[in-house]
Amino acid sequence: MERRSSIGNRLLAALPRADFELLAPHLRKVSLERDVVLVRSGDLVEQIYFPCTALIAFVMDMPNGQAVATTMVGNEGATGILPTLRSIRSPISAVVRIPGTTWQISPARFHAALTHSRALAGTVQLHMRSLLVQFQHIAACNALHSVEARLARWLLQVHDHIGHDTLPLTQETLSELLGVRRTTVTHAVCKLRASGAIRSNRRSSIEIDRPRLEAAACECYEIMRGRVDRIVSAEGMKPSGRGAPHGLLRYRDQPWANGDEVQAPVRIAGAGRSRSH
Ligand SMILES: [Zn+2]
């Protein structure tokens, strides 16, 4: 019987079939709840994640207890790849901020496949380049642009991944993304509401007006999106469509095409809510 399913992660989807099949027997699709901590900074990575619909924040835990997001990773990337290359500890925490599905694989299995696949090594390099672009651009954006413009940029980035206008974001997450206090978040949300870029906001969700939000965002959104898409497209990945999940590659009749066999939502051992203010 023909089986048709999508991989759902652009890094995995870009791998040649033979290289993907080195990973496929060891990949497990799981559903992650919001606020699950996948790894804390300083800990060894226990699982590598290739998000499909989940969105994961990379978070710096500061000595004073504050937590600031440095970027978010969705279906264009992965978490845990870089620290596992030399079995070093994770330099950052990774926290699920938009619940959803992800592929997971143990670092040992991933490393074993990596030693037999130049394409997979290329995928890791690709991921590093993509992250570097995002880190550099977000650092510049944080230094130069207003809180409202940065909030609009983050909301557009989240919208790109989830594809509908109601974004399941809490004030805590917005505070973490912007690196500001919640009172400052409230002020920025009010300004975007006044301009119509935010239609409504509740305790754990924000409804947006995309065209008005684009007008309110700094230029960093378009520049960063274009650069990341060019990096991944150079490796054969399809650029994402506006307001829709990134490109999906579909396969037929493959034993690993088990995207519908999603495990129940999981809690990671030792996980808890990240610290934030
Ligand atoms: Zn900016």
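As the structure is a computational prediction, the values presented were derived from the model and not from experiment.

A look at helix α7 (residues 171–178)
- A large share of α7 lies buried, amounting to six of its eight residues.
- Those residues of α7 that sit buried are T173, L174, S175, E176, L177 and L178.
- Buried residues along α7 sit in contact with β5 (55–61), β6 (67–73), β7 (93–98), α6 (147–162) and α8 (182–194).
- Positive backbone phi, approximately 70°, marks G179, located one or two places after α7.

Side note on the sheet that holds strand β9 (residues 166–167)
- Read from one edge to the other, the open sheet built from three strands follows the order β9-β11-β10, with strand pairing classed as antiparallel. The open sheet has two free edges, formed respectively by β9 and β10 (198–202), since each of these has just one partner strand.
- The sheet contact formed by β10 and strand β11 (residues 205–208) spans four bridges and is antiparallel. Note on β11: the bridge partner recorded for N201 is I206.

Some remarks on the nonpolar core
- Grouped together as the largest cluster of nonpolar side chains are 69 residues, with contacts concentrated most on I56, A152 and L155.
- A total of seven residues in this core trace back to one element, the largest contributor, which is α6.
- The contact partners of A152, leaving out residues within four places of it in the chain, are L192, A197, L213, A216 and A217.

Some words on the sheet that holds β5
- Read across the open sheet, the four strands follow the order β3-β7-β5-β6; overall the sheet is antiparallel. For this open sheet the edge positions go to β3 (37–39) and β6, each flanked by a neighbour on one side alone. Taken over all neighbouring pairs, the strand axes of this sheet differ in orientation by 35° on average, direction set aside.
- Bridge analysis of β3 against β7 gives two bridges, and the strand direction is antiparallel.

A word on the environment of E172
- Turning to its location among the elements, E172 is positioned in helix α7.
- Taking the C-alpha atoms as reference points, E172 and R182, separated by 10 residues in sequence, lie 7.2 Å from one another.

A closer look at helix α10 (residues 220–233)
- Taking 1.5 Å of rise per residue, 14 residues should cover 20 Å, and α10 covers 19 Å from first to last C-alpha, within 8% of that figure.
- Three or more residues of α10 are buried, namely Y221, M224, V228 and V232. In an axial view of α10, the angular spread of the buried residues amounts to 80°, which keeps them on one side of the axis. Projecting away from the buried face of α10 at angles above 90 degrees are the exposed residues G226 and R230.

A look at the confidence of the model for the protein
- Chain-level statistics for the protein give a pLDDT mean of 82 and a share of 81% at 70 or above.
- Looking at the elements of the protein, mean pLDDT is at its lowest for strand β12 (residues 250–252), recorded as 31, and at its highest for strand β2 (residues 28–32), recorded as 97.
- Overall, residues 1–5 carries pLDDT values under 50, and its contacts beyond four positions in sequence, including any with other chains, amount to 11 contacts.
- Low pLDDT, under 50, characterises residues 236–277; the stretch is placed with 88 contacts to residues that sit more than four places away or in other chains.

What counts and what doesn't
- Residues numbered from 1 in each chain as written.
- Predicted model: local features only at pLDDT ≥ 70, side-chain atom pairs only at ≥ 80, totals over all residues.
- Buried ≥ 20, exposed ≤ 12 C-beta atoms within 10 Å, placed from the backbone.
- Helix = DSSP H or I, 4+ residues; strand = E, 2+ residues; numbered from the N terminus.
- Contact = placed C-beta atoms within 7 Å.
- Pairing = 2+ DSSP bridges.
- Core = buried A, V, L, I, M, F, W, Y, C linked by C-beta atoms within 7 Å.
- Axes fitted to C-alpha atoms, helices over the stretch in contact; angles between N-to-C directions.
- Expected span 1.5 Å × (residues − 1).
- Arc of directions from axis to C-beta.
- pLDDT = per-residue confidence, 0-100.

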